[in-house]
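The lines below spell out each chain.
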Amino acid sequence: MPILNRAAELQDEVTEWRRHIHARPELLFAVETTAAFVAEKLKEFGVDEIVTGIGRTGVVGLIKGKGEGARTIGLRADMDALPLTEISGKPWASTTPGKMHACGHDGHTAMLLGAAKYLAETRNFNGNIAVIFQPAEEGGGGGNLMVKDGMMERFGIEEVYGMHNLPGLPVGHFAIRSGAIMAATDEFTITIKGRGGHAAQPHRTIDPIAIGAQVVSNLQLIASRSVDPLRSVVVSVTKFNAGFAHNVIPNDATIAGTVRTLDEEVRDLAETRLKQVVNGLVAAHGAEVDINFNRNYPVTFNHATETGHALRIAGEIAGAGNVNAEIDPMMGGEDFSYMLNARPGAFIFIGNGDTAGLHNAAYDFNDETIAHGISYWVRLAEQRLGA
């Protein structure tokens, strides 16, 4: 089955919505304008129940099918933008300096709105569809807050599905895998407390920079010597702050970075080894240290049965040859992971074509993707609820 005729008819209208949202980017939980736009559209469509303020600024719309079934599945899109200044040069580019939709959440929101309009018109399913519009995916954990607010229980959601665009994957193509598809995104901050002094008398100091340099080097041994090479882990130091003058050894140094893993056992091991390495090195040089290891988004883990459903629908829309059923896991993170921890479901990638990459100031969502995304959502909803 190719894209749905009605989805193709909605293409221009949904493109207008997407570009409207794109020009008005908002960050993290401060998505009041976008959330209001979403709620207004859902009301226009005749969605049966519209609830705002879930996860602070999230929106959920409940669409009831023609049948009397009680089952509910959730379809999720994210709404927030990124703190970048756009350089795409598009007529609909961001009107707010320092903020832009550089990850395509404007497209995700618009496609799910298009699907909501279609589903509210036809109601060709037996049960309920919860369309979920989430704030604060880009570091705020909005998905976690929506789950903690009792969203799953309130709407009786039994399965949940997410979708994200992927630059480099052709328009009309999909990619997915069962199991871990995106990584846990833990963060660490290490503060080494030495003893400062004159740079010409290093023997009278405990040099936190010299110690920190060894810490940075030895943290790489976690991946190369502590973890099975067939299992994935990334340890990246992204900050090293110390000192203020050429002739002064400072009292302290701060190192920060991220650890990415694809399963909980390796995640536990990486945290344990990081603390052992740092504590051992610092103690050997007579310094002190504070380690803050923050467990951020968990692994985005696709459930096998629900991945099969998503894969089948993607194949119907795109053709089996245009669906990668075993895409390599990505070491980026996704807070849809919290929803997948709460309910079975699957997260799929949809092709954005040959565009700038995600989180790039030149990026723009490819509107040619819209009809494909709407078709996927609609057919998934209808087939999971017995239409």
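All figures in this text were calculated on a predicted structure; none of them were measured in a lab.

Asker: How would you sum up the side chain of Asp80? Please name residues and give values.
Answerer: By secondary structure assignment, the location of Asp80 is in the loop between strand 3 (72-78) and helix 3 (105-122). The side chain of Asp80 is buried and forms no salt bridge, while Arg76, the nearest opposite charge, is found at 6.9 Å. Not counting residues within four places of it along the chain, the set of residues in contact with Asp80 comprises Glu26, Leu27, Leu28, Val31, His101, His105, Gln134, Pro135, Ala136, Glu137 and Glu138.

Asker: Explain the pattern of salt bridges residue by residue, including any values.
Answerer: Where charged atoms from two side chains of opposite charge approach closely, those side chains can pair. By the definition in use, this model includes 27 salt bridges. With a shortest N-O distance of 3.6 Å, Lys41 and Glu44 are connected by a salt bridge. Of this pair, Lys41 and Glu44 both sit in helix 2 (residues 32-45), three residues apart, which is roughly one turn of the helix. What makes Lys41 buried here is its relative accessible area of 13%. For Arg76, the salt bridge goes to Asp78, with nearest N and O atoms at 3.7 Å. Like Asp78, Arg76 is buried. Through salt bridges with shared partners, a single ionic network connects Asp186, Glu264, Arg267, Asp268, Glu271, Lys275 and Arg295.

Asker: So what's going on with the packing of helix 1 (residues 5-22) against helix 3? Residues and values would help.
Answerer: Relative orientation of the contacting elements helix 1 and helix 3 amounts to 140°, with a least axis distance of 9 Å. Between helix 1 and helix 3, the crossing angle belongs to the class labelled oblique. Considering the relative orientation of helix 1 and helix 3, their crossing is right-handed. In this structure, helix 1 uses Arg6, Ala7, Leu10, Glu13, Val14, Trp17, Arg18, Ile21 and His22 to contact helix 3, whose residues at the interface are Asp106, Gly107, Thr109, Ala110, Met111, Leu113, Gly114, Lys117, Tyr118 and Glu121. Of the residues assigned to the contact of helix 1 with helix 3, the class counts are nine nonpolar, four polar and six charged.

Asker: Mind laying out the side chain of His108, listing which residues take part and the relevant values?
Answerer: With respect to the helices, strands and loops of the structure, His108 is situated in helix 3. Look past the residues within four positions of His108 in its chain and what remains in contact with it is Ala77, Asp78, Cys103, Met163, His164, Asn165 and Phe365.

Asker: Which residues make up helix 3, and what values do they have?
Answerer: Helix length check: helix 3 (18 residues) gives 26 Å between terminal C-alpha atoms against 26 Å at 1.5 Å per residue, within 8%. Among the 18 residues in helix 3, 16 count as buried, and that is most of the element. Phi turns positive, to about 50°, at Arg123, one or two residues after helix 3.

Asker: Which residues make up the UniProt feature "binding site: Mn(2+)" (unreviewed entry) in the protein, and what values go with them?
Answerer: The positions UniProt marks with the feature "binding site: Mn(2+)" (unreviewed entry) are Cys103, His105, Glu138, His164 and His359. In sequence the annotated residues extend across 257 residues, while in space they remain close, none of their C-alpha pairs exceeding 13.2 Å. Structurally, Cys103 is set in the loop between strand 3 and helix 3. Apart from the residues within four sequence positions on either side, Cys103 is in contact with Leu82, His108, Glu138, His164, Asn165, Leu358, His359 and Tyr363. Here His105 lies in helix 3. Sequence-distant contacts of His105, that is, excluding residues within four places in its chain, are made with Asp78, Met79, Asp80, Glu137, Glu138 and His164. Here Asp78 takes part through its side chain, which lies 3.2 Å from a polar atom of the side chain of His105.

Rules and cut-offs
- Residues numbered from 1 in each chain as written.
- Predicted model: local features only at pLDDT ≥ 70, side-chain atom pairs only at ≥ 80, totals over all residues.
- Heavy atoms only, no water.
- Helix = DSSP H or I, 4+ residues; strand = E, 2+ residues; numbered from the N terminus.
- Buried < 20%, exposed > 50% of the residue type's maximum accessible area, 1.4 Å probe, protein only.
- Lys, Arg positive; Asp, Glu negative; His and termini not counted.
- Salt bridge = Lys/Arg side-chain N within 4 Å of Asp/Glu carboxyl O.
- Contact = heavy atoms within 4.5 Å.
- Axes fitted to C-alpha atoms, helices over the stretch in contact; angles between N-to-C directions.
- Parallel < 35°, antiparallel > 145°, perpendicular 65-115°, else oblique.
- Left-handed = near helix turned anticlockwise from the far one by under 90°.
- Nonpolar A, V, L, I, M, F, W, Y, C, P; charged D, E, K, R; others polar.
- Expected span 1.5 Å × (residues − 1).
- UniProt positions renumbered as here; feature names shortened; annotations may be inferred.
- Polar contact = N/O pair within 3.5 Å; in protein donor to acceptor, adjacent residues only side chain to side chain.

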